[in-house]
Amino acid sequence: MTWVQLNDRLVPADEARVSVFDRGFMYGDGVFETIRAYRGHTFQLEAHFRRFESSASSIRLPFPYRLQRISKDIEAVLERNGLTDTDAVVRVSVSRGRGVRGPGIAGATDPTYVVAADPLPDTVAERRSLGIRLATVRTRRISGEALPAHAKHANYLNSILAFAEANEAGADEALMLDSFGKIGECSGANVFLVNGARVLTPDLKTGILPGCARAFVLELCGSNGLEADEVRLDPSVLDDVEEVFVTNSVLEIAPVCGVDYREYRVTGPVTSMLQELYRRGVEDEARRG
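This report concerns the structure included in the present document. Being a predicted model, the structure only gives us computed values, none of them experimental. (Residues numbered from 1 in each chain as written. Predicted model: local features only at pLDDT ≥ 70, side-chain atom pairs only at ≥ 80, totals over all residues. Heavy atoms only, no water.)

Mapped onto the secondary structure, Gln5 falls in strand S1 (residues 3-6). Given the relative accessible area of 6%, Gln5 is considered buried. A polar atom in the side chain of Gln5 sits 3.1 Å from the backbone oxygen of Asn7. Once residues within four sequence positions are removed from consideration, Gln5 is found in contact with Leu10, Arg69, Asp73, Val77, Tyr113, Val114 and Val115. (Helix = DSSP H or I, 4+ residues; strand = E, 2+ residues; numbered from the N terminus. Buried < 20%, exposed > 50% of the residue type's maximum accessible area, 1.4 Å probe, protein only. Polar contact = N/O pair within 3.5 Å; in protein donor to acceptor, adjacent residues only side chain to side chain. Contact = heavy atoms within 4.5 Å.)

Right, let's talk about the nonpolar core for a bit. The biggest cluster of nonpolar side chains holds 25 residues, and the ones touching the most others in it are Leu134, Ile183, Leu193, Leu238, Val244 and Val246. Only strand S7 (132-136), strand S8 (173-177), strand S9 (183-186), strand S10 (190-195), strand S13 (243-248) and strand S14 (252-259) provide two or more residues apiece to this core. The contact partners of Val246, leaving out residues within four places of it in the chain, are Ile132, Leu134, Cys186, Ala189, Asn190, Val191, Leu251, Glu252, Ile253, Ala254 and Val256. Formed by 23 residues, the second largest nonpolar core is a distinct cluster that contains Val31, Phe52, Tyr113 and Val115. (Core = buried A, V, L, I, M, F, W, Y, C linked by side-chain atoms within 4.5 Å.)

This part takes up empty space enclosed by the protein. The gaps left among the atoms become clear once a water-sized probe is rolled over them. This structure, assessed with the given rule, holds 1 cavity of 30 Å³ or more. Considering only enclosed or pocket space, the largest cavity measures out at about 40 Å³ in volume. Around the largest cavity, the lining residues are Glu33, Ile35, Leu45, His48, Phe49, Phe52 and Ile70. Mapped by element, the contributors of at least two residues to the lining of the largest cavity are strand S3 (30-38) and helix H2 (45-58). At 4 residues, H2 tops the list of elements feeding residues into the lining of the largest cavity. In terms of residue class, the lining of the largest cavity is made up of 5 nonpolar, 1 polar and 1 charged. (1 Å grid on protein atoms, 1.4 Å probe; cavity = no way out; pocket = protein on both sides within 12 Å on 5 of 7 lines; lining within 4 Å. Points joined across faces, edges and corners; volume = space filled by probe spheres on them. Nonpolar A, V, L, I, M, F, W, Y, C, P; charged D, E, K, R; others polar.)

Attention shifts here to the environment of Glu46. You can see Glu46 is positioned in helix H2. Look at Glu46 and you get exposed, because its relative accessible area is 53%. Through-space distance from the C-alpha of Glu46 to that of Ala106 is 30 Å; in sequence the pair is 60 residues apart.

We now examine unusual backbone geometry. Note the cis peptide between Val266 and Thr267, where omega equals -5°. With respect to the helices, strands and loops of the structure, Thr267 is situated in the loop between strand S15 (262-263) and helix H7 (269-288). Residues other than glycine seldom take positive phi values, yet Asn7 does so here, at roughly 55°. Tracing the backbone shows Asn7 in the loop between S1 and strand S2 (9-12). With a relative accessible area of 26%, Asn7 lands in the partly exposed category. In this model, Gln44 sits at a positive phi of 60°, which is unusual for a non-glycine residue. Judged by relative accessible area, Gln44 falls into the buried class, the value being 12%.

Our focus in this paragraph is the sheet that holds S3. An order of S2-S1-S6-S5-S3-S4 is seen for the 6 strands of this open sheet, with the pairing classed as antiparallel. Unpaired on one side and paired on the other, S2 and strand S4 (41-42) mark the two borders of the sheet. In this sheet, strand S6 (residues 112-119) lies alongside S1 in antiparallel orientation, the contact comprising 2 bridges. Following the sheet pairing, Gln5 is matched in S6 by Val115. Where helix H3 (residues 67-80) meets the sheet, it contacts S1, S2, S3, S4, strand S5 (87-95) and S6, and its direction lies at approximately 40° from that of S6. In the packing of H7 onto the sheet, the strands contacted are S3 and S4, and the crossing angle to S3 comes to about 90°. (Pairing = 2+ DSSP bridges. Axes fitted to C-alpha atoms, helices over the stretch in contact; angles between N-to-C directions.)

For the rest of this paragraph, the subject is the side chain of Lys152. With respect to the secondary-structure elements, Lys152 resides in the loop between S7 and helix H5 (157-168). Buried Lys152, no salt bridge; nearest opposite-charge side chain is Glu33, N-O distance 6.1 Å. (Lys, Arg positive; Asp, Glu negative; His and termini not counted. Salt bridge = Lys/Arg side-chain N within 4 Å of Asp/Glu carboxyl O.)

Reported here for the largest pocket is a volume of approximately 1000 Å³. Taken together, 43 residues form the lining of the largest pocket, with Lys152, Tyr156, Gly188, Ala189 and Asn248 sitting closest to its centre. For the lining of the largest pocket, a count of residues per class yields 21 nonpolar, 14 polar and 8 charged. As a volume, the second largest pocket reaches approximately 690 Å³.

Here it is, written out as structure tokens:
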């Protein structure tokens, strides 16, 4: 039996009930975070919490929960589901809750809060070692002038459509461009390119999500002698780079074996180095408690 934290109660998932008038269900009016847990330890929880708060603020969503409360709830969910001795994926979600029909948010003052956890998918290890294939899709990344790009909001349709398009093309993930045709991100991951000893990733001004794993990789580059630049990238640069990899909190760092007609080395030396440094960072944080 799977258990979830629903508001103030730890309940069996089959008994968890949310109103059909919840604005998260009706309009995707909410925010969430996906966090990797390593044998009961949540990696970069503070960074995720800061983004969680920022995401909620950007959509004018009251956020009544503090880091200490969320940390305790995550621990309880992991323990109740028998996930303290293995790797897991944690999702923390907050919707605006029940409110009036339509776009108005007045009166929706009781958010719905959920913490859930699942075992780490079996495919993660394979993707980290064998790599994934990307397809450049027609679905463009929504501009930050249309929706707050830095917010991890529950209105996920843009990514859903991009991912479906990539799958139809026989790829594992989508490579989304921005409205100006520059490289943006994947449907659920940030993307990096390696040109010699130089690591490149799209600038946040492109309208991409500021991934926690992305920020950590940039930090690793800076502290280990790798030049890393956040820039606007034309898709043509993919013809000249030696390595491509993607990052998110679940995959950590996964090499890309190909983008459209292009093939890349798996796993290249820079990607391999960063994978090792990332894992050391996980272990170091776990030791610090």
